[in-house]
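# Structural characterization, general
Here is what each chain is made of, one letter per residue.
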Amino acid sequence: MADSKVDELFGAGGGAPAPRLGWVYLLLTVGLLLAVLGMACNSAPGGLLVLLAYLIVEQESDRLESGYLPSDAAPAIARAKARTRLGLVVVVVLFFAQAVLLCTTHFYEAWYRMWAAPLIELLRSAPPP
């Protein structure tokens, strides 16, 4: 008996293709979390993950428009597209906030003095293994 996935590949199965939105939401969530936590040093990795989520949802939108995906997937793809656009806006705002904190204030210098410098001194004073 043939595998059901092979049957699907050749059109014998009854299933319809589904949008791959699980990856979109995972990348969006992790990316936004990294972007917010990255305000301590660099929020770019989180921004890249959010951008990747946006690229995937755009690909899913193209699959819908080409007729590969069923039309009932349109609302889910539209919601995912709106959420990733909002995520991109949040990341851009965080980038500008980080630039302002870096260029116009002494926030990162104070942050370094408060957390990094004592940690480096603690590591230097530790006995070698």
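Residues numbered from 1 in each chain as written. Predicted model: local features only at pLDDT ≥ 70, side-chain atom pairs only at ≥ 80, totals over all residues. Heavy atoms only, no water.

### Focus: helix H3 (residues 44–65)
Here H3 is 22 residues long and its end C-alpha atoms lie 31 Å apart, about the 32 Å a rise of 1.5 Å per residue gives. Among all positions of H3, only Gly 46, Gly 47, Val 50, Ala 53, Tyr 54, Ile 56, Val 57, Glu 60, Ser 61 and Arg 63 are buried. Structurally, H3 contributes buried residues whose contacts are with helix H2 (21–37) and helix H4 (74–103). At the C-terminal side of H3, Gly 67 shows a positive phi close to 95°. (Helix = DSSP H or I, 4+ residues; strand = E, 2+ residues; numbered from the N terminus. Expected span 1.5 Å × (residues − 1). Buried < 20%, exposed > 50% of the residue type's maximum accessible area, 1.4 Å probe, protein only. Contact = heavy atoms within 4.5 Å.)

### Quick look at the pattern of salt bridges
A side chain of one charge can pair with a side chain of the opposite charge when the charged atoms of the two come close. Using the criterion set out here, one finds four salt bridges in the structure. Linking Arg 63 and Glu 60 is a salt bridge whose minimum nitrogen-to-oxygen distance equals 2.7 Å. Here Arg 63 pairs with Glu 60, and both are found in helix H3, just three residues apart, close to one helical turn. Residue Arg 63 shares its accessibility class with Glu 60, and that shared class is buried. In this structure, Glu 121 and Arg 124 form a salt bridge, with 3.4 Å as the shortest nitrogen-oxygen distance. Pair noted here: Glu 121 and Arg 124 are both in helix H5 (residues 107–125), with a separation of three residues, about one helical turn. On the basis of relative accessible area, Glu 121 is assigned to the partly exposed category, the value being 47%. Here Arg 124 falls in the exposed class, since its relative accessible area comes to 63%. (Salt bridge = Lys/Arg side-chain N within 4 Å of Asp/Glu carboxyl O.)

### A few points about the nonpolar core
Here is a general trend for soluble globular proteins: nonpolar side chains tend to be buried in one another's company. Counting 17 residues, the largest nonpolar core has Leu 21, Val 24, Ala 53, Val 57, Ile 77 and Ala 80 as its most contacted members. Elements with a minimum of two residues in this core: H2, H3 and H4. Excluding residues within four positions of it along the chain, Val 57 makes contact with Leu 21, Val 24, Ile 77, Ala 80, Lys 81 and Thr 84. (Core = buried A, V, L, I, M, F, W, Y, C linked by side-chain atoms within 4.5 Å.)

### Observations concerning a nonpolar patch on the surface
Residues Trp 23, Leu 26, Val 30 and Leu 34 make up a contiguous nonpolar surface patch of about 390 Å² in total accessible area. Note on placement: Leu 26 falls in helix H2. (Patch = residues over 30% accessible without salt bridge, like charges linked within 9 Å, V, L, I, M, F, W, Y side chains within 5 Å. Areas by Shrake-Rupley, 256 points an atom, 1.4 Å probe, with all protein chains shown as cover.)

### Quick look at the environment of Ser 43
Take Ser 43: it is sitting in the loop between H2 and H3. Ser 43 sits in the buried class, given a relative accessible area of 1%. The spacing of Ser 43 and Gln 98 is 55 residues in sequence and 8.1 Å in space, taken between C-alpha atoms. Excluding anything up to four places from it in sequence, Ser 43 contacts Ala 35, Gly 38, Phe 95 and Gln 98.

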